[in-house]
Amino acid sequence: MLTLLMGTISRYDGIFQVTTEDGYILGLQRIPSGRSSNNSTSQKLPVLLQHGLTMDAAAWLINPPDQALAFILADKGFDVWLANARGTQASRGHQSLSTNDPTYWEWTWDQLATYDLPAFYNYVNNQTGQKVHYVGHSLGTLSVLAALSQQKLSNTLRSAALLSPVAYLGQITTMLGKISAQSHSADGLYASGIREYPPQGVAGQNLETFLCSQPGVDCSNFMAAVTGPNCCITPTSSNLIFQHIPQSTSTKNMVHLSEMIRRGTITMFDYNFPAINMQHYNQLTPPVYNMASIPKDVPLFLGYGGRDALSDVNDVKALLNDLSDHDKDKLVEQYVEEYAHMDFIMGGNANQKVYDPLLTFFGQH
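Residues numbered from 1 in each chain as written. Predicted model: local features only at pLDDT ≥ 70, side-chain atom pairs only at ≥ 80, totals over all residues. Heavy atoms only, no water.

Labelled according to an unreviewed UniProt entry, the chain appears under the name Putative triacylglycerol lipase, originating from Rosa chinensis. The UniProt entry for the chain carries this comment under Sequence similarities (unreviewed entry): "Belongs to the AB hydrolase superfamily. Lipase family." (UniProt positions renumbered as here; feature names shortened; annotations may be inferred.)

**Student:** Which residues make up the overall build of the chain, and what values do they have?
**Tutor:** The number of helices and strands found in the chain is 14 helices and eleven strands. Its C-alpha atoms give the chain a radius of gyration of 19 Å, within 12% of the compact-globule value 21 Å for 365 residues. Reported as C-alpha extents along the three principal axes, the dimensions of the chain are approximately 55 × 45 × 45 Å. Each of the 365 residues in the chain was classed as buried or not, and the buried ones make up 55%. For the chain, contacts bridging at least 24 residues in sequence account for 76% of all contacts bridging at least 6. Carbon and sulfur atoms form 49% of the exposed surface of the chain, whose accessible area is close to 14,600 Å². If you average the places of the 21 positive and of the 30 negative side-chain charges in the chain, the two averages end up 4 Å apart. (Helix = DSSP H or I, 4+ residues; strand = E, 2+ residues; numbered from the N terminus. Rg over C-alpha atoms; globule rule 2.2 N^0.38 Å. Buried < 20%, exposed > 50% of the residue type's maximum accessible area, 1.4 Å probe, protein only. Contact = heavy atoms within 4.5 Å. Areas by Shrake-Rupley, 256 points an atom, 1.4 Å probe, with all protein chains shown as cover. Lys, Arg positive; Asp, Glu negative; His and termini not counted. Charge placed at Lys NZ, Arg CZ, Asp CG, Glu CD.)

**Student:** Summarise the state of the cysteines; cite the residues concerned and give the values.
**Tutor:** Applying the stated rule across the entire model yields two disulfides. For Cys-212, the disulfide goes to Cys-219, at an S-S distance of 2.1 Å. Between Cys-212 and Cys-219, the S-S torsion sits near -90°, and that sign places the bridge as left-handed. In this model Cys-231 forms its disulfide with Cys-232; the gap between the sulfur atoms is 2.2 Å. Disulfide Cys-231-Cys-232: torsion about the S-S bond near -90°, hence left-handed. Going through the chain in sequence order and numbering each bonded cysteine, the pairs you get are 1-2, 3-4. (Disulfide = S-S within 2.5 Å.)

**Student:** Before we move on, could you go through the nonpolar core and cite the residues and values that matter?
**Tutor:** Ranked by size, the top nonpolar core spans 69 residues in total, and within it Leu-28, Leu-48, Trp-109 and Tyr-121 carry the most contacts. Ignoring any residue separated from it by four or fewer positions in sequence, one finds Trp-109 in contact with Leu-139, Leu-142, Ala-146, Asn-253, His-256, Leu-257, Met-260, Ile-266, Thr-267 and Tyr-289. One finds Ile-31, Val-135, Tyr-339 and Val-354 within the second-largest nonpolar core, a separate group that totals 40 residues. (Core = buried A, V, L, I, M, F, W, Y, C linked by side-chain atoms within 4.5 Å.)

**Student:** Residue-level account of the packing of aromatic side chains, with values.
**Tutor:** Throughout the structure, instances matching the rule amount to 15 aromatic pairs. On the basis of an interplanar angle of 55° and a centroid distance of 5.0 Å, the ring pair of Tyr-24 and Tyr-104 is categorised as tilted. Of this pair, Tyr-24 sits in strand β2 (residues 24-31) while Tyr-104 sits in the loop between β5 (93-94) and α3 (109-128); the two residues are 80 residues apart in sequence, bridging distant segments of the chain. Residues Tyr-24 and Tyr-104 agree in their burial class; the two are buried. A ring pair is formed by Tyr-121 and Tyr-134, whose centres lie 5.8 Å apart and whose planes are at 20°; its orientation type is stacked. Taken together, the positions of Tyr-121 in helix α3 and Tyr-134 in strand β6 (residues 132-137) put the pair 13 residues apart, joining distant regions of the chain. (Phe/Tyr/Trp six-rings, centres within 6.5 Å; stacked < 30°, edge-to-face > 60°.)

The following block contains the structure:
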């Protein structure tokens, strides 16, 4: 389906394979030119798009070309690259492991920040010879924030746009997410040996039945139950995305995110036993990602919505508080009161509400 969606643009370069330092082979798509722009990429600025949790690069291509960010950027003369996180359909390769091997799934977003994102950046930088603009959605913002807080990417990053930014998760309002975290459902799956998420078969059915039967949870509109009441997504786009999701992530990743929801912190994965944490981190507790350590001169664009149940306004404000010393001319906020989580990548009017200001931001950097 991703290849079919890519076919709606005039030139598509296929799938590139990018190998991470820990052996994962990731799929990277490219749209080097738009419908009417010239095919030469020598003077074009590259933009890397990174999707969110249980999605893949198709998320940027669901809407019609005049409403989908990847196509809009290509038509505006950017060299567009679309990343696919490990575990998704285009990124299930490994130098020595199969997806049937439990060890393949022993990772969380820590590894996306440490390995996947730098690998994508370095590949695009090597191919184009230029620093890279970045657009992340949801989990795709957490990985870049974590990397930047550890002083990674500085040699290859031009700017970073964060749509529905995720850093803190302690104040999410989605009951589905809260109950999943508080019930330790991902921990239970992991303990039972299920490493790929969402689980298939009986385990998946049992999880859905349990979560959707809880008070305050309405799964009749599953997207709204997870992400908040999106205002501006057409039925056509909604139906199309559900033909392509969920994409796989690791159960361990879900355990990590659940830790963040319960604790309201941003740390590396907690093994919950000091001795095991010591083996991994040389300290008894997992290291903290300090958002205030992000270099103050990195151009950042934050787009967030008033109805977002995953990237809650109060959690975003906590992130902005961490960034209070950031260079004022390098930090742009775009708040859209009526937007929920998915409106930022699928809203029919996002081209005016979000992408026009984003293009202006790119033009300034």
